[in-house]
There are 12 protein chains.
Amino acid sequence: MTATVLVLNGPNLNLLGTREPEIYGSDTLETIEAACQKRAKGLGLAVEFRQTNNEGELVDWVQEARTDYQALIVNAGAYTHTSVALLDALLATNIPIIEVHISNIHQRDEFRQQSYVSKAAEGMICGLGGIGYELALEALAHRLGTIKEA
Amino acid sequence: MTATVLVLNGPNLNLLGTREPEIYGSDTLETIEAACQKRAKGLGLAVEFRQTNNEGELVDWVQEARTDYQALIVNAGAYTHTSVALLDALLATNIPIIEVHISNIHQRDEFRQQSYVSKAAEGMICGLGGIGYELALEALAHRLGTIKEA
Amino acid sequence: MTATVLVLNGPNLNLLGTREPEIYGSDTLETIEAACQKRAKGLGLAVEFRQTNNEGELVDWVQEARTDYQALIVNAGAYTHTSVALLDALLATNIPIIEVHISNIHQRDEFRQQSYVSKAAEGMICGLGGIGYELALEALAHRLGTIKEA
Amino acid sequence: MTATVLVLNGPNLNLLGTREPEIYGSDTLETIEAACQKRAKGLGLAVEFRQTNNEGELVDWVQEARTDYQALIVNAGAYTHTSVALLDALLATNIPIIEVHISNIHQRDEFRQQSYVSKAAEGMICGLGGIGYELALEALAHRLGTIKEA
Amino acid sequence: MTATVLVLNGPNLNLLGTREPEIYGSDTLETIEAACQKRAKGLGLAVEFRQTNNEGELVDWVQEARTDYQALIVNAGAYTHTSVALLDALLATNIPIIEVHISNIHQRDEFRQQSYVSKAAEGMICGLGGIGYELALEALAHRLGTIKEA
Amino acid sequence: MTATVLVLNGPNLNLLGTREPEIYGSDTLETIEAACQKRAKGLGLAVEFRQTNNEGELVDWVQEARTDYQALIVNAGAYTHTSVALLDALLATNIPIIEVHISNIHQRDEFRQQSYVSKAAEGMICGLGGIGYELALEALAHRLGTIKEA
Amino acid sequence: MTATVLVLNGPNLNLLGTREPEIYGSDTLETIEAACQKRAKGLGLAVEFRQTNNEGELVDWVQEARTDYQALIVNAGAYTHTSVALLDALLATNIPIIEVHISNIHQRDEFRQQSYVSKAAEGMICGLGGIGYELALEALAHRLGTIKEA
Amino acid sequence: MTATVLVLNGPNLNLLGTREPEIYGSDTLETIEAACQKRAKGLGLAVEFRQTNNEGELVDWVQEARTDYQALIVNAGAYTHTSVALLDALLATNIPIIEVHISNIHQRDEFRQQSYVSKAAEGMICGLGGIGYELALEALAHRLGTIKEA
Amino acid sequence: MTATVLVLNGPNLNLLGTREPEIYGSDTLETIEAACQKRAKGLGLAVEFRQTNNEGELVDWVQEARTDYQALIVNAGAYTHTSVALLDALLATNIPIIEVHISNIHQRDEFRQQSYVSKAAEGMICGLGGIGYELALEALAHRLGTIKEA
Amino acid sequence: MTATVLVLNGPNLNLLGTREPEIYGSDTLETIEAACQKRAKGLGLAVEFRQTNNEGELVDWVQEARTDYQALIVNAGAYTHTSVALLDALLATNIPIIEVHISNIHQRDEFRQQSYVSKAAEGMICGLGGIGYELALEALAHRLGTIKEA
Amino acid sequence: MTATVLVLNGPNLNLLGTREPEIYGSDTLETIEAACQKRAKGLGLAVEFRQTNNEGELVDWVQEARTDYQALIVNAGAYTHTSVALLDALLATNIPIIEVHISNIHQRDEFRQQSYVSKAAEGMICGLGGIGYELALEALAHRLGTIKEA
Amino acid sequence: MTATVLVLNGPNLNLLGTREPEIYGSDTLETIEAACQKRAKGLGLAVEFRQTNNEGELVDWVQEARTDYQALIVNAGAYTHTSVALLDALLATNIPIIEVHISNIHQRDEFRQQSYVSKAAEGMICGLGGIGYELALEALAHRLGTIKEA
């Protein structure tokens, strides 16, 4: 049976590729999703991508993932740094979670260096651009056992 | 005339009973609402329960309470700790407000020990589980004069 | 068998009703005790009230409660914010503890917003005036099983 | 061609004139909008006013302004102090932004003295009441060149 | 009768136009004064401009304004961030005060983000360049009633 | 009628004159009391001196002063820096209070520079040695009107 | 031989009696000086009063006192909290220094609770109004031996 | 001549052996005293054990030790972290002081990691259980010269 | 030509697999190196693994990498949090650097949440166990262009 | 069988006896080792002393102790306060560890009051000079059962 | 052509040699100036020395240096730590600036360890006494090219 | 007899001239050493230069300097900010120490603005590039009396 990974993207990530490209690169969210869909197949996974600017909707989606998905990749954008509500929703799930950021948050404003998502996620990949999502998929495939360790 | 108390519940409280029961207990929000409805009758009060994961919707509801309800019980979940918008809405009401929390927030993460709601509420009941809502109702009944002090 | 709740009151609570009534209201400690005695009967509980201005005596009483009482209600007044000795005594008991404050400590001086008692108590009721003691009694009755949940 | 300024108002600003008038004055948002519409004409500008209690909707509107408006006036209310998501959206625009507040935020609670909007806005006008919006319009007219400096 | 606004400028503002123009723009203090004189006439106000590098002289001038002027515009330059003496002088006046800064102080060094002047001024205009002085004049005209609201 | 000033001395002040004389000088508490008794007569005051090492007893004495004395001089020793209970008792009195310290607490350990007593006292005299008590008496005589201003 | 005490008053103290009388009382600096002159005679002291709004002038005067006066009373007003230059000048003198404040600085804004003058003065008298200056004179008379201890 | 060591135990140490044994072990204070009495003999020392829950009594006992005992061992329990009064009493003695704690306070709550006793004691032994008292005795025997160094 | 990636491991990583396996898992550094060697071949890379407990040796190796290697993977263990010397060496290289941690450092002691390496590295992978090294290799392969993006 | 205790000494402890003797006393490390060797025999223990100025070497030695020694005494000198690498090595051992310091670190510079070693050691002995090592040996003998409790 | 270096000395430096000689040494400002004049000749420089206790005058002189001098040596005394106005004036110059202090400010009170001058100066020489001025002259001579590097 | 100055250089200073030349300039350590050797001769001094990346080796060398050299110049690179071990070694010497930095550390990252070396050094020269070493030599020559003051 195929496991499905829900990939959640937070506020302003719909602007990826056009917004501050010197920080976030020129890949769009669509390009990244396409690369993930391709990679997922080889890993025995299905992938579903979503984006919202609304904190409450992110919380709703995480609650949905508790019962309907097998793993989560979360790039919560700015809510990473401010949303305890998102943290609570993540803590209420029992599925594996990996946090992804396009840029290296440890090199940015001090208020961007703290992550509530990190308190609930197994691991973090940041600063590697769009490919970070693909690497997270591979890590989840190992974690879910859909591929064997090399 | 019957006074109506609006009981607002914030993010993830719809998961009550299933999420981290060692912290939040096994009562669901439905069980709590039922107990409150029963208790309210004896206190000369009507009760209306709502829950949302969305900060803006909580603000809308508090604004609605300014004119259409006689008192508020607020368990804002994670927004307790982060929402100045909710605080402003509460400050704009003139009706009595009691803050309720299922768990004792003073024993949890440091960021959960600070409450914006407390700056606007008359009092707080926390750590007593679902029965805290009922006790808040009784306190409001005294406050609104729908029952006489024993 | 009747369970007995020991209700401990800390420094200056003997002045209740005469001291800063705009903060603490006009109920005296005697009034509150009388209301609690009445309420306790309906809840299947006995109640004993004490007050002291002396930190060491509070510690002595809590140690006494470990073996001779079934539950504690603690309004430690100013020692709430400064007494690690009291906290240690409370941590050494295995009976249920509820913390009560007449005023909402979260709205007062910053040094009054921190409570050592909260680190040992199951829950807190504050800002509801003298009725907070009665509500604490009801919560303890549920906790001790002397009444059935409504 | 007429440049259009989008004026965004955050949570609880719909209550302006009725809420805490000793802080916020008695002008309603409608009164302010009317004065701005009138002033804008003399400045060669069009104006569009919006208000929402929802952080995500504010972010959506700022994203819309990137391409469809020539300037932004932002009174983000309480989100001023908490919304990194709003800051990110503002940083992603290239149009001039002026931050407005009815009250002087530097004289209020410490948590109201910090502004995420300020990190993206060219300037701030605060504490001058509803007329602050009009003055912001004039500053934008100079900035956009729709009027000549006197 | 014409009301007179005293416009006080603190240290280094005599260098305006030549010092760090990427921060402070190319307007000189003379240019700004000329624009203000012109604008003041239309607003029914008289204007007097002064500049000093000396904290004590600023204090003297503010004391003079208590009795001899009808309003104050204060751009205290660096003394904004360090002078409690200036704050005390401003608190001792009963006339309206508006604080002006050429640059947006909220985007600069942390020690430039705190303002003692703000504790005494009704409002602040910053980051709008020299035109900020003119806008402050208009706000004062409304405040003093020398013009009618549009 | 003679007004009586209660002079309260906290922990370790019974050692005055023998303990760390380079900080506290060589006057004993008895010497100071004798000088005060003499001075009081000329000021139309009676004086009563007490000393205790016990925080709770200090609180008891302050409560007693509420009704039975006309003014308080308080040198609370180490409880100055730690006793919120003492502060609460002082806040509950309506009589004039002056805080006295033998040494200049502003030049000592950081934890000795903060005073809870100062939050309730009208004024403080410190660093002047035993004569500080006498000066406090004179200030109280003016305050109570037992002598006329020179 | 008569010892002379130099009494230095800092910024805005020339407004005493007219500025914020609810904080600073209604005595003017002239009234206080007159009372001091009268008291000084009985104490075997001469007194010279000065006031300036200028930090540098205060420093000059303290330097002058090193060689030409026998003691200093310093009420540095707002420079109390900000002037390291004044502290350095005081540290360079070997004559006794007493710090005086009209109001109790420990009950005011946090930035008014720290005093650089305290690091150099033997003692402080605050919160007792104008009479504080007189009491400081008496303490200096004892210190300089111009009167004998009573 | 035999030197006598006074061993002072603070609040809740009377519960040793029954209270939180996973932290404090199962030795009672009586067991520890017995072992110390035995050890003391071999070291040429006498030992006297006391325990109190009262801060003021601890201060009294330390004052007594100044003149009547040759050394102090102090386990002040919770007052370790909060009692400046105890510190002052200890500073007023000239006899050697060793601080003992049953548990390693450096691994516990942050507020338990700070010790006022340490500011007056020559050394500290902690985390070694009841045997820490015996080791402190031996160190004092060396310090007082009742035994020769091995 | 094959690019060579130098993989540097800091203190205690030689204990991997035997030390605190509930935090660090059961993979040894040898197992991880073997997996990396295998993966590297498919990516067109060579890999060299080193480990040391010595901060200075880590600095030497990074200096060596400046000229002799094409990329760096750094798991500096505890030196991550304390070594500015390592940071300086990394800043002096111009080759791509990825930081790897076995555990999620954002969920550990506060002093482990700060990383000096992050100030110089392009990105971080943490909390994914040994596979994090492999994913870092793939990211470097993309970065160095030894494989084409899928 | 004899258990062997490894005694590790960090940087500058080779200077003991010559360096700042007013802080560290006049015992050399050789004297202390000799006393320990003698004491160890009576306790059924063997002892091995080492000293290094190199943090990495300390880490190597602790790793060696994991398998080859039965207990550790650690006086890490300045690395006590800075070395997370040493802490990690200590955490990776399962043998008893006692921390020793010649001086009372709680009375020294603030940066010397924090100890990473304390997070891994069972207990600490400090401020007792060289005899602290001997007392640690005795505590370990009890802990390892090579002697019976007296 | 000879370049001229303006040497500015802040408050209390006129007391050099007489004030706290254990900190500041026994050289007077005149001695230092004489040595500098002599040294300057050999370096192809002219030197002008000034001293003031007035912050505003320091600002005036720095503004003068912008156009009339080729380099600045600044020992701002206490204004080093408090004067943002001085910093702004220095930032407005384009000539080389070297900061000099007689004592090592890094070893003094915490408030003396922070320097606003350092934010504008190329370098700092401190703790070397009066000779620091001469060394600064030599550094400026290299910087201005009036002598060739040896 | 010729005095010898040991010049110690910490981590990464071997890269001087090639690493971040916009911060550190283009001089290599060899160039600086050559200039120092030349200058030393004229000053009656000998000079020995060393560099290491290893903290422990720096400590060893400082210990060596205690007995075998007459003065120290220390540029500890990154260990300046982190090494208490180095500080302890410096404190254990009785010879004059001058701290040198190529760049102005007061203008760099906050963690680079704190120096442990400064707590032991007589003075600091920073921000003047390689010539700072030469100026330190001259200061030491004065200090050691190998040249006479000009």
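Residues numbered from 1 in each chain as written. Chains lettered and ligands numbered in written order. Predicted model: local features only at pLDDT ≥ 70, side-chain atom pairs only at ≥ 80, totals over all residues. Heavy atoms only, no water.

### Let's talk about the relation of the copies chain L and chain K
Move 1: Mapping chain L onto chain K calls for a rotation angle of 180° and an axial translation of 0.0 Å; the resulting RMSD is 0.0 Å. Here the copies are linked by what is in effect a two-fold axis. Of the C-alpha atoms belonging to chain L, the one lying closest to the rotation axis is found on Ile-125 of chain L, 2.3 Å away.
Move 2: A share of 96% of interface residues in chain L that are also interface residues in chain K marks the association as one of identical surfaces. (Least-squares fit on C-alpha atoms with pLDDT ≥ 70 in both. Contact = heavy atoms within 4.5 Å.)

### Description of the packing of aromatic side chains
Move 1: Enumeration over the complete set of coordinates arrives at 24 aromatic pairs over all chains.
Move 2: A cation over an aromatic ring shows up here: Arg-50 of chain J above the ring of Trp-61 of chain J, its NZ or CZ 5.3 Å from the ring centre. (Phe/Tyr/Trp six-rings, centres within 6.5 Å; stacked < 30°, edge-to-face > 60°. Lys NZ or Arg CZ within 6 Å of the ring centre and 35° of its normal.)

### Overview of unusual backbone geometry
The general pattern is negative phi for most residues beyond glycine and trans for most peptide bonds.
Residues and elements named next belong to chain C.
Move 1: For Asn-12, which is not a glycine, the phi torsion comes out positive at approximately 75°.
Move 2: Relative to the helices and strands, Asn-12 is located in the loop between strand E1 (3–9) and helix H1 (21–24).
Move 3: Judged by relative accessible area, Asn-12 falls into the buried class, the value being 0%. (Helix = DSSP H or I, 4+ residues; strand = E, 2+ residues; numbered from the N terminus. Buried < 20%, exposed > 50% of the residue type's maximum accessible area, 1.4 Å probe, protein only.)

### Details of helix H2 (residues 29–43) of chain H
Move 1: The end-to-end C-alpha distance of H2 of chain H is 21 Å, a good match for the 21 Å that 15 residues give at a rise of 1.5 Å each.
Move 2: Buried within H2 of chain H are the following residues: Leu-29, Ile-32, Ala-35, Cys-36, Arg-39, Ala-40 and Leu-43 of chain H. Buried residues along H2 of chain H cover an arc of 140° about the axis, so they all sit on one side. Along H2 of chain H, the residues that are exposed and aim more than 90 degrees away from the buried face are Glu-30, Lys-38, Lys-41 and Gly-42 of chain H.
Move 3: Looking at the buried residues of H2 of chain H, the elements they touch are strand E1 (3–9), strand E2 (45–51) and helix H6 (131–144) of chain H together with helix H2 (29–43) and helix H6 (131–144) of chain J.
Move 4: Immediately downstream of H2 of chain H, the backbone of Gly-44 of chain H shows phi near 75°, a positive value. (Expected span 1.5 Å × (residues − 1). Arc of directions from axis to C-beta.)

### Looking at the pattern of salt bridges
Move 1: Evaluation of the coordinates by the stated rule reveals 96 salt bridges over all chains.
Move 2: Taking the shortest distance from any N to any O, the salt bridge between Glu-48 of chain C and Arg-50 of chain C comes out at 2.9 Å.
Move 3: Judged by relative accessible area, which is 28%, Glu-48 of chain C ranks as partly exposed.
Move 4: You can call Arg-50 of chain C buried: its relative accessible area is 14%.
Move 5: Ionic pairing is found between Arg-143 of chain G and Glu-122 of chain G, a salt bridge with its closest N-O pair at 2.6 Å. Taken together, the residues span a long stretch of sequence, with Arg-143 of chain G in helix H6 (residues 131–144) and Glu-122 of chain G in the loop between strand E4 (97–101) and strand E5 (123–126) at a distance of 21 residues. (Salt bridge = Lys/Arg side-chain N within 4 Å of Asp/Glu carboxyl O.)

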